[in-house]
Amino acid sequence: MEDRARDSAKLQARRNIMSAARRCHECDEEALGHCPDCHRGFCQDHFPKQQHSPCAEQQMRLAQTQVCYICGTQVYPDQWSLSRTTHYIDEYRCAGCGRHVCDELHTQRKTERVNIIREGLRGHRYQITTRYCDLCSPFYRMGGIKGLARWIVVAGTVAAGVLFYLHP
């Protein structure tokens, strides 16, 4: 009888641990998504970068440097939640060179990828916008200009290795 009571108490303790919800860092509501920059959990109201303290302060400091590298138009990296499990993230950065690029004029290729992250029994869907500027767009399959440079370095290293190996 004692074993059964002990097992029941352990099972109840495990259930209490598993049902404990993560809390928002700004308020005390249930955290629904994690910020990709500061990696903290936030509720639907505080998930946008302008609504939680570590990222809002950083956005204010970087406001002057977050401009399109071609035309100088200010860009506003943003993230928002449409529901409890659907989150959108748009950094307004070229995935090839890493520089900020405006949406209207200088985004040559724009795609969206979806990451689904399981958290307990719930899955969160992060829809991330990937952009390529005019310069990186022809090489988007290789990862833009930086990806092309990596491929050239690898090919050059292999060619030099073969040349030194075969040269007497």
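Before reading on, note that the structure itself is shown above.
Every value quoted in this text rests on a predicted model; they were computed, and no experiment measured them.

Asker: When you look at the packing of aromatic side chains in this model, what are you seeing that I'm missing?
Answerer: What characterises a pair of aromatic rings is the spacing of the ring centres plus the angle enclosed by the ring planes. In the structure shown here, the tally under the stated rule is 3 aromatic pairs. With a centroid separation of 5.5 Å and an interplanar angle of 10°, the aromatic rings of Trp80 and Tyr88 are classed as stacked. Classification of Trp80 as partly exposed rests on a relative accessible area of 33%. Judged by its relative accessible area of 18%, Tyr88 is buried. Cation over ring: Arg109 sits above Tyr140, and NZ or CZ is 3.7 Å from the ring centre. Sitting over the ring of Tyr92, Arg131 keeps its end group 4.2 Å from the ring centre.

Asker: Honestly, unusual backbone geometry in this entry has me stumped. Any pointers?
Answerer: For residues besides glycine, phi is generally negative; the peptide bonds are generally trans as well. One non-glycine residue, His39, adopts positive backbone phi at about 60°. Considering the arrangement of structural elements, one finds His39 in the loop between β1 (33–34) and β2 (41–42).

Asker: Hey, could you run me through the sheet that holds strand β5 (residues 109–119) in this one?
Answerer: Consider a sheet: its strands pair through backbone hydrogen bonds, and that pairing is either parallel or antiparallel. One open sheet accounts for 4 strands, arranged β3-β4-β6-β5; its pairing is mixed. The open sheet has two edge strands with one neighbour each: β3 (78–81) and β5. The mean angle between the axes of side-by-side strands here comes to 15°, regardless of whether they run parallel or antiparallel. As paired strands, strand β4 (residues 86–94) and strand β6 (residues 122–132) are joined by 6 bridges and run parallel to one another. By the bridge assignment, His87 is partnered in β6 with Tyr126.

Thresholds, definitions, all that
- The written sequence of each chain sets the order in which its residues are numbered from 1.
- Per-residue local features of the predicted model are confined to residues with pLDDT of at least 70, and side-chain atom pairs are confined, for both listing and counting, to 80 or more; whole-chain, interface and lining totals are unaffected and use all residues.
- Side-chain numbers here rest on the full set of heavy atoms in the structure, without hydrogens or water.
- Only Phe, Tyr and Trp rings take part, Trp by its six-membered ring, and two of them pair if their centres are within 6.5 Å. Stacked means planes under 30 degrees apart, edge-to-face means over 60, and tilted covers everything else.
- Only protein chains enter the calculation, and the probe is 1.4 Å; a residue is then buried if its accessible area is under 20% of its type maximum, exposed if over 50%, and partly exposed in between.
- Geometrically, a lysine NZ or arginine CZ counts as sitting over a ring once it is within 6 Å of the ring centre and also within 35 degrees of the ring normal.
- Here a strand is any run of E in DSSP of at least two residues, a helix any run of H or I of at least four, and the numbering for each starts at the N terminus.
- The rule for pairing is simple: two strands pair if DSSP sees at least two bridges between them.
- Axis definition: a line fit to C-alpha positions, over the contact stretch in the case of helices; interaxial angles, taken between N-to-C directions, run 0 to 180 degrees.

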